[in-house]
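What follows is the residue order along each chain.
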Amino acid sequence: EIVLTQSPGTLSLSPGEGATLSCRASQSVNTNSLAWYQQKPGQAPKLLMYGTSNRATGVADRFSGSGSGTDFTLTISTLEPEDFAVYYCQQYVGPPLTFGGGTKVEIK
Amino acid sequence: QVNLQESGPGLVKPSETLSLTCAVTGASITSYYWNWIRQPPGKGLEWIGYMHYTGNSNYNPFLKSRVTMSVDTSKNQFSLKLSSVTAADTALYYCAKYNSNYRSFDIWGQGTMVTVSS
């Protein structure tokens, strides 16, 4: 099983600031097999990025993804009020599919 | 527009079987892989497994011995059964559509909370 470790656990930032979220895999992950989700309180997760760097439909271009091998990053260039949420990375190189533990981006 | 709606008992007794259904609208159940994912209160996401209408399935090894999934093409829905539940199975259960091109879940249900308690 590929374990995904996300850091930091919590990121305290102000609107207008930038955010960098990390997702580290215990084994190499194909770039086409790494996705990111955003989850707000009381809501289901929403697909944000797929294939490491492709934004899902309707996702703002302030979100970007990068990385390869075992290290992946989600970057939010300028935080908007609606971006404060929990973010999860997910891999599916092969079963079992796994998620990271999440990074909470909270308002400072 | 594809929509998923979970349904099932919100309370299950320990040692019994949890049964949930996900109704799919806006897409044919035969067109995709259908998944169950759960989230214990205040915790992260755990993939339970997927099912295809052909019978192709794959379950999380940690749950495999207790999980059964099925697809009902006549009703355009799919189901989850989790046997011998304990308090550790208390969670918000989501059904989700897997996008093979994206290798990720592009459509999620709203989730249904299941509590295991006597």
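Everything below is about the structure printed above this text.
Not measured: the values here are computed from a predicted model. (Residues numbered from 1 in each chain as written. Chains lettered and ligands numbered in written order. Predicted model: local features only at pLDDT ≥ 70, side-chain atom pairs only at ≥ 80, totals over all residues. Heavy atoms only, no water.)

### Remarks on the nonpolar core
Thinking step 1. Among the nonpolar cores identified, the biggest contains 42 residues, and Trp-36, Tyr-87 and Phe-99 of chain A together with Phe-105 and Trp-108 of chain B are the most heavily contacted of them.
Thinking step 2. Per-element tally for this core: the top contributor is strand E3 (residues 19–29) of chain A, with five residues.
Thinking step 3. Phe-105 of chain B has contacts with Tyr-37, Leu-47, Gln-90, Leu-97 and Phe-99 of chain A together with Asn-35, Ile-37, Trp-47, Ala-96, Lys-97 and Tyr-98 of chain B, leaving out every residue within four places of it along the chain.
Thinking step 4. Counting residues in each nonpolar core, the second largest holds 26 residues, with Val-24, Ile-29, Trp-34 and Tyr-93 of chain B among its members. (Core = buried A, V, L, I, M, F, W, Y, C linked by side-chain atoms within 4.5 Å. Buried < 20%, exposed > 50% of the residue type's maximum accessible area, 1.4 Å probe, protein only. Helix = DSSP H or I, 4+ residues; strand = E, 2+ residues; numbered from the N terminus. Contact = heavy atoms within 4.5 Å.)

### Here we look at the pairing of strand E11 (residues 112–116) of chain B
Residues and elements named next belong to chain B.
Thinking step 1. Here E11 shows a clear split, with Thr-112, Val-114 and Val-116 buried on one side and none of Met-113 and Thr-115 buried on the other.
Thinking step 2. In this sheet, E11 lies alongside strand E2 (residues 11–12) in parallel orientation, the contact comprising two bridges. In the sheet register, Leu-11 faces E11, and the bridge partner there is Thr-115.
Thinking step 3. In this structure, strand E9 (residues 91–99) lies alongside E11, joined through three bridges in antiparallel fashion. Bridging from a neighbouring strand, Ala-91 pairs with Val-114 of E11. (Pairing = 2+ DSSP bridges.)

### Thoughts on the sheet that holds strand E7 (residues 63–76) of chain A
Strands in a sheet are paired, the pairing made by backbone hydrogen bonds, and the direction either parallel or antiparallel.
All names here are of chain A.
Thinking step 1. In spatial order, the strands read E1-E3-E7; together these three strands make up an open sheet with antiparallel pairing. Strand pairing shows two members of the sheet lacking a second neighbour, strand E1 (4–7) and E7, which therefore form its edges. Direction aside, neighbouring strands of the sheet carry axes that sit 20° apart on average. (Axes fitted to C-alpha atoms, helices over the stretch in contact; angles between N-to-C directions.)

### Examining the interface of chain B and chain A
Thinking step 1. With 20 residues of chain B at the contact, the number on the chain A side is 20 residues.
Thinking step 2. Counting each side, the surface lost to burial between chain B and chain A is near 1,700 Å², with a carbon and sulfur contribution of 62%.
Thinking step 3. For the chain B face of the interface with chain A, the top three residues by lost area are Leu-45, Tyr-102 and Arg-103 of chain B, together amounting to 36%.
Thinking step 4. Inspection of the region where chain B meets chain A yields zero salt bridges.
Thinking step 5. Inspection of the region where chain B meets chain A yields nine residue pairs in polar contact (both at pLDDT 80 or more).
Thinking step 6. Per element, the largest residue contribution to the side of chain B that touches chain A is four residues, and it comes from strand E10 (residues 104–108) of chain B. (Buried area = accessible area lost by both parts, 1.4 Å probe. Salt bridge = Lys/Arg side-chain N within 4 Å of Asp/Glu carboxyl O. Polar contact = N/O pair within 3.5 Å; in protein donor to acceptor, adjacent residues only side chain to side chain.)

### Regarding the pattern of salt bridges
Thinking step 1. Counted by the stated rule, this structure contains seven salt bridges over all chains.
Thinking step 2. Where Arg-62 of chain A meets Glu-82 of chain A, a salt bridge forms, and the shortest distance between an N and an O atom there is 3.4 Å. Taken together, the residues Arg-62 of chain A in the loop between strand E6 (54–55) and E7 and Glu-82 of chain A in the loop between E7 and strand E8 (86–91) connect sequence positions 20 residues apart.
Thinking step 3. Residue classification places Arg-62 of chain A among the buried positions, given a relative accessible area of 17%.
Thinking step 4. Across the salt bridge formed by Arg-62 of chain A and Asp-83 of chain A, the nearest N and O atoms sit 2.7 Å from each other. Highlighted residues: Arg-62 of chain A in the loop between E6 and E7 and Asp-83 of chain A in the loop between E7 and E8, separated in sequence by 21 residues. One exposure class covers both Arg-62 of chain A and Asp-83 of chain A, and it is buried.
Thinking step 5. Salt bridges linked by common partners bring Arg-38, Glu-46, Arg-66 and Asp-89 of chain B together as one network.

### Some words on the environment of Tyr-93 of chain B
Residues and elements named next belong to chain B.
Thinking step 1. Residue placement: Tyr-93 occurs in strand E9.
Thinking step 2. The exposure class of Tyr-93 is buried, given its relative accessible area of 0%.
Thinking step 3. When the C-alpha atoms of Tyr-93 and Ser-70 are compared, they prove to be 16 Å apart, with 23 residues separating the residues in sequence.
Thinking step 4. Not counting residues up to four positions away in its chain, the partners in contact with Tyr-93 are Glu-6, Leu-18, Leu-20, Ile-37, Arg-38, Ile-48, Leu-80, Leu-82, Gly-111, Thr-112 and Val-114.
Thinking step 5. A polar contact of 3.1 Å, which involves the side chain of Tyr-93, links it to the side chain of Arg-38.

### A look at the side chain of His-52 of chain B
Residue and element names in this part refer to chain B.
Thinking step 1. Topologically, His-52 is positioned in the loop between strand E5 (46–51) and strand E6 (57–59).
Thinking step 2. Within the local environment of His-52, its side chain forms a polar contact with the side chain of Thr-54, the two groups lying 2.8 Å apart.
Thinking step 3. Every residue in contact with His-52, bar those within four places of it in the chain, is listed here: Thr-30, Tyr-32, Tyr-33 and Val-71.

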